Amino acid sequence: EVELVELGGGLVQAGGSLILSCKASGLTADYGIGWFRQAPGKEREGVSYITSDGNPYYEDSAKGRFSIFRDRVKNTIFLQMSSLRPEDTAVYYCGAVWVGSDADYADADAYHHWGQGTQVTVSS
């Protein structure tokens, strides 16, 4: 059974930092992981991605502020967020996409599995 569990969300003031984690189980090594977020009334949007080989990618909204990395031993992917802004407020999800599908990492519809999400709220 495939399971993704996100942790680390919370309330933080603007300019602060949070680190999110995505614990993956039941996945083979040929999966990439994406971090997405969704605010009420808005579509799910990509934030950052890491390939099965550990190569990171960032959307413009995250570039320079967020870092994605993984712990291979713990099978956990992290999203380090700094310089947070109120517009970063959303439910953050991690998803797993099979690299064999040759899909666009930024396309939420391409992902095969999702976690339950963790709420990030940035206050001013």
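As shown above, the structure is provided for reference.
Residues numbered from 1 in each chain as written. Predicted model: local features only at pLDDT ≥ 70, side-chain atom pairs only at ≥ 80, totals over all residues. Heavy atoms only, no water.

A.B. asks: Looking at this structure, I do not really get the packing of aromatic side chains. What am I missing?
C.D. replies: All told, the structure shown has six aromatic pairs when counted by the stated rule. Summarising the aromatic geometry, the rings of phenylalanine 36 and tryptophan 114 are spaced 5.2 Å apart at their centres and angled 80° between planes, so their arrangement reads as edge-to-face. Residue phenylalanine 36 is located in strand S4 (residues 31–38), and its partner tryptophan 114 is located in strand S10 (residues 113–114); the two are separated by 78 residues in the primary sequence. Members of the aromatic cluster, each reached through a chain of ring pairs, are Phe36, Tyr49, Tyr105, Tyr111 and Trp114. Positioned over the ring face of tyrosine 93 is arginine 44, at 3.9 Å from the centre of the ring. In this arrangement the basic side chain of arginine 44 is found over the ring face of tryptophan 114, its NZ or CZ atom lying 4.5 Å from the centre. (Phe/Tyr/Trp six-rings, centres within 6.5 Å; stacked < 30°, edge-to-face > 60°. Helix = DSSP H or I, 4+ residues; strand = E, 2+ residues; numbered from the N terminus. Lys NZ or Arg CZ within 6 Å of the ring centre and 35° of its normal.)

A.B. asks: For this particular structure, what's the right way to read the state of the cysteines?
C.D. replies: Formally, a disulfide is one covalent bond, and it connects the sulfur atom of one cysteine to the sulfur atom of another. Tallied over the full model, the rule gives one disulfide. Note that cysteine 22 is cross-linked by a disulfide to cysteine 94, the S-S spacing being 2.1 Å. The sign of the S-S torsion, about 70°, decides the handedness of the disulfide formed by cysteine 22 and cysteine 94: right-handed. Within this pair, whereas cysteine 22 is found in strand S3 (residues 18–25), its partner cysteine 94 is found in strand S9 (residues 90–98), the two being separated by 72 residues in sequence. Owing to a relative accessible area of 0%, cysteine 94 belongs among the buried residues under this scheme. (Disulfide = S-S within 2.5 Å. Buried < 20%, exposed > 50% of the residue type's maximum accessible area, 1.4 Å probe, protein only.)

A.B. asks: Where do I start with the pairing of S3 in this structure?
C.D. replies: In terms of strand pairing, strand S1 (residues 3–7) meets S3 through five bridges, oriented antiparallel. The residue of S3 that forms the bridge with valine 5 is lysine 23. Sheet topology note: the S3/strand S8 (residues 76–81) ladder contains six bridges and is antiparallel. In the sheet register, leucine 18 faces S8, and the bridge partner there is methionine 81. (Pairing = 2+ DSSP bridges.)

A.B. asks: Explain unusual backbone geometry here, please?
C.D. replies: Across residues other than glycine, the phi torsion is negative in most instances, and most of the peptide bonds are trans. With phi around 55°, asparagine 75 is a residue other than glycine that occupies positive phi space. Within the fold, asparagine 75 resides in the loop between strand S7 (66–71) and S8. Classification of asparagine 75 as partly exposed rests on a relative accessible area of 44%. Unusually for a residue other than glycine, serine 83 sits at a positive phi of about 50°. Take serine 83: it is sitting in the loop between S8 and S9. According to the relative accessible area criterion, serine 83 is partly exposed, its value standing at 40%.

A.B. asks: Got a minute to help me understand the pattern of salt bridges in this structure?
C.D. replies: Between side chains of opposite charge, a pair can form when the charged atoms approach closely. Applying the stated criterion to the full structure yields three salt bridges. Close ionic contact of glutamate 45 with arginine 37 constitutes a salt bridge, the shortest N to O distance being 2.7 Å. Classification of glutamate 45 as partly exposed rests on a relative accessible area of 32%. Close ionic contact of aspartate 88 with arginine 65 constitutes a salt bridge, the shortest N to O distance being 2.7 Å. Here aspartate 88, found in the loop between S8 and S9, pairs with arginine 65, found in the loop between strand S6 (56–58) and S7; they are 23 residues apart in sequence, far enough to count as distant. The exposure class assigned to arginine 65 is buried, which follows from its relative accessible area of 8%. Several salt bridges share partner residues, and in doing so they unite Arg37, Glu45, Arg65 and Asp88 into one network. (Salt bridge = Lys/Arg side-chain N within 4 Å of Asp/Glu carboxyl O.)

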